[in-house]
Protein chains: 2
Amino acid sequence: MQNMELKAETIRVVGPCDTWAFPLKMKERHPLEYVRQFPHLRCRNNTLSSLLRVRSEATAAIHSFFKESGYVHIHTPIITSNDCEGAGELFQIETLNEAKEPAEKNHFFDVPAFLTVSGQLHLEVMAGAFTHVFTFGPTFRAENSQSRRHLAEFYMVEAELSFTESLQDIMQVMEDLFKTATSTVLSKCPHDVELFHKYIAPAQKGRLEQMLKKRFVTITYSEAVEILKQASQAFTFKPEWGCDLQTEHEKYLVKHCGEVPLFVINYPYDLKPFYMRDNEDGPQHTVAAVDLLVPGIGELCGGSLREERLPFIESRLQRLGLADAYQWYLDLRKFGSVPHGGFGMGFERYLQYILGVDNIKDVIPFPRFSHSCLL
Amino acid sequence: MQNMELKAETIRVVGPCDTWAFPLKMKERHPLEYVRQFPHLRCRNNTLSSLLRVRSEATAAIHSFFKESGYVHIHTPIITSNDCEGAGELFQIETLNEAKEPAEKNHFFDVPAFLTVSGQLHLEVMAGAFTHVFTFGPTFRAENSQSRRHLAEFYMVEAELSFTESLQDIMQVMEDLFKTATSTVLSKCPHDVELFHKYIAPAQKGRLEQMLKKRFVTITYSEAVEILKQASQAFTFKPEWGCDLQTEHEKYLVKHCGEVPLFVINYPYDLKPFYMRDNEDGPQHTVAAVDLLVPGIGELCGGSLREERLPFIESRLQRLGLADAYQWYLDLRKFGSVPHGGFGMGFERYLQYILGVDNIKDVIPFPRFSHSCLL
């Protein structure tokens, strides 16, 4: 394989290594499950070092994409006192002493504090000052899941655009981000990507280049439900307008549309969070939301126009009993509100997709999931 | 001030704003303490929006600096099971249910888990696979301090270099990073920087440009103690070989050396953490450590050569009773160890220094400190 030979005149051993005791063997292609047992050594394995170079290059490509498009980078907070979204899956933070003797009223921050699940609401704050903002940082979910698609600590790329009245504008940024980052990775790390497409996911070879040339496909949620209803395939969950799309549905839709990335837009109002913009299109009442589904993974990105109209968002928060907790969010609409929207992309799922890696634990340097926090 | 006038033919109010109720007034220069009360609105204030543009530009400049120098970017973990360093100041993580009814044996991760205080040890793992690595992410300290230099959540830039046998190599990277990032900010955000040097820190004007032209000064810890002992100034803490340098000492040293960034190297062995490399220099026994002190701030960066020799690090960890907990760290020395070293720079302190901002709470979008976690 090498196109060079070295002729050494002297050899200096900098640090010896007992190759019998060392768990990774030269010239052996260890399964990813095997190397995962050695979090402190697995980066010395070919596959993992290629992965980490691709991850580094993709990180840089994402930062460049936004910088060159005029976005201001924001470090949204990791610790937050927002606890109203998906409360069951939050990690709470205590100081060591508090954790030993919990005293309800004696928190370090005076209030209960949690690890962030998304930087979106904080980015919306910033969208009131800058036209385009983005963040790229860790987010957390205390999901008790052993799924190959979930981690307790994972990275999200999130962007928010002001003066945007059309979901298409958001989708265009999602598609451009995806294609620009992927082209950069393909051109900067050809050997690292090839290793994956040769040994890990042979079916992936050439597909990415093909995909980069095509426009992503868009269908509405209502069209998606019709497609599913007319499918000859039997689903475990019966497709029905008003119900969430299940993994089996997502897979079918992506296949039906030609195994390309697929935008599904305009979801039922009652399925989506309070901040999504009402389409006012009754009787099948929807919000301006979008999910990007990709082959083999399912949901890669989610986005929406945000409800910028004070009366709409106020009454929705009141119905949810959240108007007091979100007074600050209402203030953003009260003082010089503008139409805006944004999206988030799961960075590990993105890496899984472009490299064809089955398990999300193999695309992050130190995976954290239920029952495991090594090092 | 403006060099343009607009002649509007029609005006469309996108989102009205009640200027009487809005807490930030046009044409009024609010004190930073005042705008800090409105974390959701303060980015619409001139000073804070300039700060956030500079922060974004500095972030990009730091990423570029490392990328162009061939470093691999690593996302070191936020949640860690390492709890041996500075245990008192750690934040512990529980799921919501655990936090309500703590059950010692029933952690989400099976083991106690904490927010990271530094990515260094995880970067050292990566330095076994890549010659140069860096990370730039959030770190946490549960310090019950209201200081103008401390936050509970702050950002650190950390780098690790393999095949490095001299502290000078590390110091060169620190100096290059500092100067490259600062030049970039000065050239990309001249108006934003000017706002600070005009209204916030007039004394800073022109100083940065001067500083960029000079080499940073280096003295040893022992020389520093001698300088302090010969000082005419009376210190609250008497300078003594073997004791930590206090803020008053750091200030004097920086002044003594001409108000430029100052490296202090070779600290007493007993003052520094277990991983720093023994200089084996007898009776005044030191390690290859370095701190970078800057005018007005004090310590901006800290670094060291790491102890790569297995017997040295093994016996030190044994004396500390940590050999079992750090078996994985010993493994890094057991299997192909190489001389290496690295450093960390506090990103908020860096911004404080270049912009002349007195309080660290004013250089981060959403400050977290004891008794405060707004939004």
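Data block above holds the structure.
This is a predicted model, so every value here is computed, not measured.

What counts and how
- Residues numbered from 1 in each chain as written.
- Chains lettered and ligands numbered in written order.
- Predicted model: local features only at pLDDT ≥ 70, side-chain atom pairs only at ≥ 80, totals over all residues.
- Heavy atoms only, no water.
- Helix = DSSP H or I, 4+ residues; strand = E, 2+ residues; numbered from the N terminus.
- Buried < 20%, exposed > 50% of the residue type's maximum accessible area, 1.4 Å probe, protein only.
- Contact = heavy atoms within 4.5 Å.
- Buried area = accessible area lost by both parts, 1.4 Å probe.
- Salt bridge = Lys/Arg side-chain N within 4 Å of Asp/Glu carboxyl O.
- Polar contact = N/O pair within 3.5 Å; in protein donor to acceptor, adjacent residues only side chain to side chain.
- Nonpolar A, V, L, I, M, F, W, Y, C, P; charged D, E, K, R; others polar.
- Pairing = 2+ DSSP bridges.
- 1 Å grid on protein atoms, 1.4 Å probe; cavity = no way out; pocket = protein on both sides within 12 Å on 5 of 7 lines; lining within 4 Å.
- Points joined across faces, edges and corners; volume = space filled by probe spheres on them.
- Least-squares fit on C-alpha atoms with pLDDT ≥ 70 in both.
- Phe/Tyr/Trp six-rings, centres within 6.5 Å; stacked < 30°, edge-to-face > 60°.
- Lys NZ or Arg CZ within 6 Å of the ring centre and 35° of its normal.

Asker: Sorry if this is basic, but what is going on with the environment of Gln210(A) here?
Answerer: All names here are of chain A. One can find Gln-210 in helix α7 (residues 207-213). A relative accessible area of 42% means that Gln-210 is categorised as partly exposed. When the C-alpha positions of Gln-210 and Phe-196 are compared, they lie 17 Å apart, and in sequence the two are 14 residues distant.

Asker: How should I be thinking about the interface of chain A and chain B in this particular structure?
Answerer: A common way to express how large an interface is: the accessible area buried when the components associate. The interface of chain A with chain B comprises 88 residues on the first partner and 88 residues on the second. In total, about 7300 Å² of surface goes out of reach between chain A and chain B, with carbon and sulfur atoms giving 67% of it. A salt bridge links Lys67(B) to Glu57(A); its shortest N-O distance comes to 2.8 Å. At the boundary of chain A with chain B, the tally comes to 30 residue pairs in polar contact (both at pLDDT 80 or more). Sort the elements by how many residues they give to the side of chain A that touches chain B and helix α2 (residues 46-68) of chain A lands first, with 10 residues. When its residues are assigned to classes, the side of chain A that touches chain B shows 51 nonpolar, 22 polar and 15 charged. Judged from the 5 bridges that link them, strand β3 (residues 91-95) of chain A and strand β3 (residues 91-95) of chain B form a sheet pairing that is antiparallel.

Asker: What is the right way to read the sheet that holds strand β7 (residues 217-220) of chain A from this model?
Answerer: Across a sheet, paired strands are connected by hydrogen bonds in the backbone, their directions being either parallel or antiparallel. All names here are of chain A. Spatially, the 8 strands line up as an open sheet ordered β1-β5-β6-β11-β10-β9-β8-β7, and their pairing is mixed. Bordering the open sheet on either side are β1 (72-73) and β7, each of which pairs with just one other strand. Both β7 and strand β8 (residues 262-268) contribute to a ladder of 4 bridges, which runs parallel. The residue of β8 that forms the bridge with Ile-219 is Val-264.

Asker: Please explain empty space enclosed by the protein as it appears in this structure.
Answerer: A probe as big as a water molecule, rolled over the atoms, marks out the empty space that is left. Under the criterion given, the structure shown has 7 cavities of 30 Å³ or more. Within this model, the largest cavity holds a volume of roughly 320 Å³. Lining the largest cavity we find 35 residues, and of these Phe136(A), Gly137(A), Pro138(A), Phe136(B) and Pro138(B) sit closest to its centre. Counting residues per element, the ones that place at least two in the lining of the largest cavity are α2, β5 (132-140) and β6 (153-162) of chain A together with α2 (46-68), β5 (132-140) and β6 (153-162) of chain B.

Asker: Looking at this model, I keep getting lost on the relation of the copies chain A and chain B. Mind explaining?
Answerer: Two copies of one chain are present, and they are related through a rotation about an axis combined with an axial shift. Superposing chain A onto chain B takes a rotation of 180° plus a shift of 0.0 Å along the axis, which leaves an RMSD of 0.1 Å. Look at the turn and shift together and you get a two-fold axis relating the two. Minimal C-alpha separation from the rotation axis in chain A is found for Ile93(A), amounting to 2.4 Å. Most of the interface of chain A is mirrored in chain B, where 100% of its interface residues are also at the interface.

Asker: Can you walk me through the packing of aromatic side chains in this structure?
Answerer: Aromatic ring pairs are reported here in terms of the distance separating the ring centres and the angle at which the planes meet. Under the definition given, this model contains 46 aromatic pairs over all chains. Centre to centre, the rings of Phe66(A) and Tyr71(A) are 4.8 Å apart; their planes meet at 65°, and the pair counts as edge-to-face. Taken together, a centroid distance of 5.7 Å and an interplanar angle of 15° make the contact between Phe109(A) and Phe91(B) stacked. Placement of the pair is Phe109(A) in the loop between α3 (96-100) and β4 (113-115) and Phe91(B) in strand β3, with the two residues belonging to separate chains. By the burial criterion, Phe109(A) is buried, and Phe91(B) matches it. Each member of the aromatic cluster is reached from another via a ring pair, and the members are Phe136(A), Phe178(A), Phe216(A), Phe263(A), Phe347(A), Tyr350(A) and Tyr353(A). Lying across the ring of Tyr267(A), Lys272(A) places its NZ or CZ 4.3 Å from the centre. A cation over an aromatic ring shows up here: Arg309(A) above the ring of Phe312(A), its NZ or CZ 3.8 Å from the ring centre.

Asker: Looking at this structure, how should I read the pairing of β6(A)?
Answerer: Residue and element names in this part refer to chain A. Burial analysis of β6 places 10 of its 10 residues in the buried class, which makes it a mostly covered element. Burial along β6 is two-sided: the face carrying Glu-153, Tyr-155, Val-157, Ala-159 and Leu-161 and the face carrying Phe-154, Met-156, Glu-158, Glu-160 and Ser-162 are both buried. In this structure, β5 lies alongside β6, joined through 9 bridges in antiparallel fashion. Bridging across to β6, Phe-140 finds its partner in Glu-153. Taken together, the 7 bridges between β6 and strand β11 (residues 340-346) define a ladder with antiparallel strand orientation. Its bridge partner being in β11, Val-157 is matched across the sheet by Met-345.

Asker: Got a minute to help me understand the sheet that holds β3(B) in this structure?
Answerer: The antiparallel open sheet is built from 6 strands, whose spatial order is β2(A)-β4(A)-β3(A)-β3(B)-β4(B)-β2(B). The strands lining the two open edges of the sheet, one partner per strand, are β2 (79-80) of chain A together with β2 (79-80) of chain B.

Asker: Sorry if this is basic, but what is going on with unusual backbone geometry here?
Answerer: Trans is the common state for peptide bonds, and a negative phi is the common state for residues other than glycine. All names here are of chain A. Of note, the amide linkage connecting Gly-282 to Pro-283 takes the cis form, showing an omega dihedral of -10°. Positive phi is not limited to glycine here, since His-371 has a value of about 75°. On the accessibility criterion, His-371 (45% relative accessible area) is partly exposed.

Asker: Could you clarify how one ought to interpret the environment of Thr220(A) in this entry?
Answerer: All names here are of chain A. Locating Thr-220 in the fold gives a position in strand β7. Put simply, Thr-220 and Pro-39 are 181 residues apart on the chain and 43 Å apart in space, counted from C-alpha to C-alpha. Those residues in contact with Thr-220 that sit more than four places away from it in its chain are Val-264, Ile-265 and Asn-266.

Asker: Would you explain the side chain of Glu307(B) in this entry?
Answerer: Residue and element names in this part refer to chain B. Topologically, Glu-307 is positioned in the loop between β10 (298-306) and α10 (310-319). Given the relative accessible area of 3%, Glu-307 is considered buried. At 2.7 Å, the side chain of Glu-307 forms a polar contact with the side chain of Arg-309. In this view, Glu-307 contacts Tyr-275, Met-276, Arg-277, Asp-278, Phe-312, Ile-313 and Arg-333; residues no more than four positions away in its chain are not counted.

Asker: I'm lost on the pattern of salt bridges in this one. Help?
Answerer: A side chain with one charge can pair with a side chain of the opposite charge if their charged atoms come near. In the structure shown here, the tally under the stated rule is 34 salt bridges over all chains. Notably, a salt bridge pairs Glu280(A) with Arg309(A), separated by 2.9 Å at the nearest N-O pair. Of this pair, Glu280(A) sits in the loop between β8 and β9 (286-294) while Arg309(A) sits in the loop between β10 (298-306) and α10 (310-319), and the two are 29 residues apart along the sequence. The shortest N-O distance in the salt bridge between Lys272(B) and Asp291(B) comes to 3.8 Å. Taken together, the residues span a long stretch of sequence, with Lys272(B) in the loop between β8 (262-268) and β9 (286-294) and Asp291(B) in strand β9 at a distance of 19 residues.

Keep in mind these numbers describe shape, not what the thing actually does.
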